[in-house]
Amino acid sequence: MQIRRRLKKAYPDATTELNWRNPFELLIATILSAQTTDKKVNEVTPKLFGNFPDAHSLANADLKEVEEIVKPLGYFRQKAKTIVGAAKALAEKFDGEVPKSMSELIQLPGVGRKTASIVLGTAFGVQEGIAVDTHVQRVSQRLGLSKNKKPEKIEQDLMALVPRNEWSWFGHALTLHGRYVCVARKPQCSKCVIEAFCEKVGVSTVLSSHQIQK
DNA sequence: CTCCCGATAT
DNA sequence: ATATCAGGAG
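Here's what I pulled together on the structure shown here.

How each quantity is defined
- Residues numbered from 1 in each chain as written.
- Chains lettered and ligands numbered in written order.
- Predicted model: local features only at pLDDT ≥ 70, side-chain atom pairs only at ≥ 80, totals over all residues.
- Heavy atoms only, no water.
- Helix = DSSP H or I, 4+ residues; strand = E, 2+ residues; numbered from the N terminus.
- Rg over C-alpha atoms; globule rule 2.2 N^0.38 Å.
- Buried < 20%, exposed > 50% of the residue type's maximum accessible area, 1.4 Å probe, protein only.
- Contact = heavy atoms within 4.5 Å.
- Near = heavy atom within 4 Å.
- Polar contact = N/O pair within 3.5 Å; in protein donor to acceptor, adjacent residues only side chain to side chain.
- Nonpolar A, V, L, I, M, F, W, Y, C, P; charged D, E, K, R; others polar.
- Axes fitted to C-alpha atoms, helices over the stretch in contact; angles between N-to-C directions.
- Parallel < 35°, antiparallel > 145°, perpendicular 65-115°, else oblique.
- Left-handed = near helix turned anticlockwise from the far one by under 90°.
- Salt bridge = Lys/Arg side-chain N within 4 Å of Asp/Glu carboxyl O.
- Phe/Tyr/Trp six-rings, centres within 6.5 Å; stacked < 30°, edge-to-face > 60°.
- Lys NZ or Arg CZ within 6 Å of the ring centre and 35° of its normal.

**Remarks on the overall build of chain A**
Part 1: Assigned secondary structure in chain A consists of twelve helices and zero strands.
Part 2: Counted from the first residue to the last, chain A has its helices and strands arranged as α-α-α-α-α-α-α-α-α-α-α-α.
Part 3: Over its C-alpha trace chain A gives a radius of gyration of 18 Å, about what one expects of a compact globule, namely 17 Å for 214 residues.
Part 4: Reported as C-alpha extents along the three principal axes, the dimensions of chain A are approximately 55 × 40 × 25 Å.
Part 5: In chain A, which comprises 214 residues, the proportion classed as buried is 47%.
Part 6: Pairs at least 24 apart in sequence give 61% of the contacts found in chain A among residues at least 6 apart.

In structure tokens, the structure reads:
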């Protein structure tokens with residue numbers, strides 16, 4: 001696929017922009033990154049992991065203290081509850097270690113296929129899925145890589161298109177592309193290395209309707 | 001489907 | 001003013 005080759009050249013080392021030092025930190029940081037930028041998450045994790053460096057300490061954390069730390073991320077009550085709950089599950093069911101399989105990871109509170117794929121691929125090199133977040137969803141639809149809207153369906157379509165050993169990289173590449181070039185509101189098609197292969201699903205429609213009203 | 005949450009870009 | 005930001009649970 002041409003698209004994959006172009007992306008390879010543009011984003012050869014695509015990976016998460018979250019800061020992490022071990023699988024536990026990556027798991028918690030990825031849960032926290034829902035509906036927030038990685039940059040924001042990176043601003044709170046030094047204090048979070050300074051106070052709670054592992055699953056056992058976070059499992060026994062004071063909820064209010066965790067809420068205060070993650071407050072800048074939004075959804076702070078839910079996120080605090082979720083990461084403490086996930087830490088408790090890690091401590092009780094997995095001896096404080098992050099499990100290395102999709103089926104085990106998605107049992108943790110706050111962890112769906114997207115978060116699990118990130119952790120598996122990035123921390124363990126285990127490729128059981130492709131992380132489909134809002135960026136991957138949008139870029140895949142614009143490019144015409146998938147006609148589906150549901151993340152699970154998009155994931156299946158992408159997995160059929162890309163060799164398994166590149167699943168993790170491909171997800172990160174689409175995310176970076178979506179974050180910096182194929183952005184939601186005003187995609188910078190002139191800077192896009194795969195514009196020639198893009199069906200621009202929904203792109204020109206939005207622009208023209210906006211321009212007509214002007 | 002709604003809710004959780006608030007900063008930022010447009 | 002509104003859409004959006006590496007979603008997942010109820």
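**A word on the protein's contact with DNA strand B**
Part 1: Taken together, the residues surrounding DNA strand B are Gln 35, Lys 40, Gly 74, Tyr 75, Phe 76, Arg 77, Gln 78 and Arg 185.
Part 2: Counting only the atoms of DNA strand B within 4 Å of the protein, the fraction contributed by sugar and phosphate is 46%.
Part 3: Here a sugar or linking oxygen of DNA strand B sits 2.9 Å away from a polar atom, N or O, in the main chain of Tyr 75.
Part 4: Arg 77 is positioned with one of its backbone polar atoms (N or O) 2.7 Å from a phosphate oxygen of DNA strand B.
Part 5: With three residues, helix α6 (residues 76-93) is the largest single contributor of residues to the surface near DNA strand B.
Part 6: Residue composition of the surface near DNA strand B, by class: two nonpolar, three polar and three charged.

**Focus: the protein's contact with DNA strand C**
Part 1: Of all residues adjacent to DNA strand C, which total 27 residues, the nearest are Gln 35, Ile 118, His 135, His 172 and Arg 185.
Part 2: Each atom of DNA strand C within 4 Å of the protein was classed as base or backbone; sugar and phosphate made up 58%.
Part 3: Here a phosphate oxygen of DNA strand C and a side-chain polar atom of Thr 134 are 3.1 Å apart.
Part 4: A distance of 2.6 Å separates a phosphate oxygen of DNA strand C from a polar atom in the side chain of Arg 138.
Part 5: For the surface near DNA strand C, the elements supplying multiple residues, two or more each, are α8 (113-124), α9 (134-143) and α11 (167-180).
Part 6: Considered class by class, the residues forming the surface near DNA strand C number eight nonpolar, 13 polar and six charged.

**Brief notes about the packing of helix α5 (residues 63-70) against α6**
Part 1: Contact pair α5 / α6: the axes reach a minimum separation of 9 Å and the direction vectors enclose 125 degrees. Relative to α6, the element α5 is oriented oblique. Crossing of α5 against α6: the hand is right-handed. Each of Leu 63, Val 66, Glu 67 and Val 70 in α5 lies in contact with α6, whose residues at this interface are Phe 76, Arg 77, Ala 80, Lys 81, Ile 83 and Val 84.
Part 2: By residue class, the composition of the contact of α5 with α6 is seven nonpolar, no polar and three charged.

**Digging into the packing of helix α2 (residues 23-32) against α8**
Part 1: Axis separation between α2 and α8 bottoms out at 10 Å; the angle between their running directions is 150 degrees. The angle between the axes of α2 and α8 places the two elements in the roughly antiparallel class. At the point where α2 passes α8, the crossing takes the right-handed sense. Mapping the contact onto sequence places Pro 23, Leu 26, Leu 27, Thr 30 and Ile 31 in α2 and Lys 114, Thr 115, Ile 118, Val 119, Thr 122, Ala 123 and Phe 124 in α8.
Part 2: Looking at the contact of α2 with α8 residue by residue, the classes come out as eight nonpolar, three polar and one charged.

**Thoughts on the pattern of salt bridges**
Part 1: In the structure shown here, the tally under the stated rule is ten salt bridges.
Part 2: Salt bridges sharing common partners tie together Arg 4, Lys 8 and Glu 166.

**Section: the packing of aromatic side chains**
Part 1: On inspection of all chains with the given rule, the structure shows two aromatic pairs.
Part 2: When the centroid spacing of 6.0 Å and the interplanar angle of 55 degrees are considered together, the rings of Trp 169 and Phe 170 count as tilted.
Part 3: Geometry around Trp 169 places Lys 8 over its ring, the cationic atom sitting 4.3 Å from the centre.
Part 4: Lys 71 extends its terminal NZ or CZ atom over the ring of Phe 76, reaching a point 4.8 Å from the ring centre.

Interpretation note: all reported values are geometric properties and have no functional meaning in isolation.
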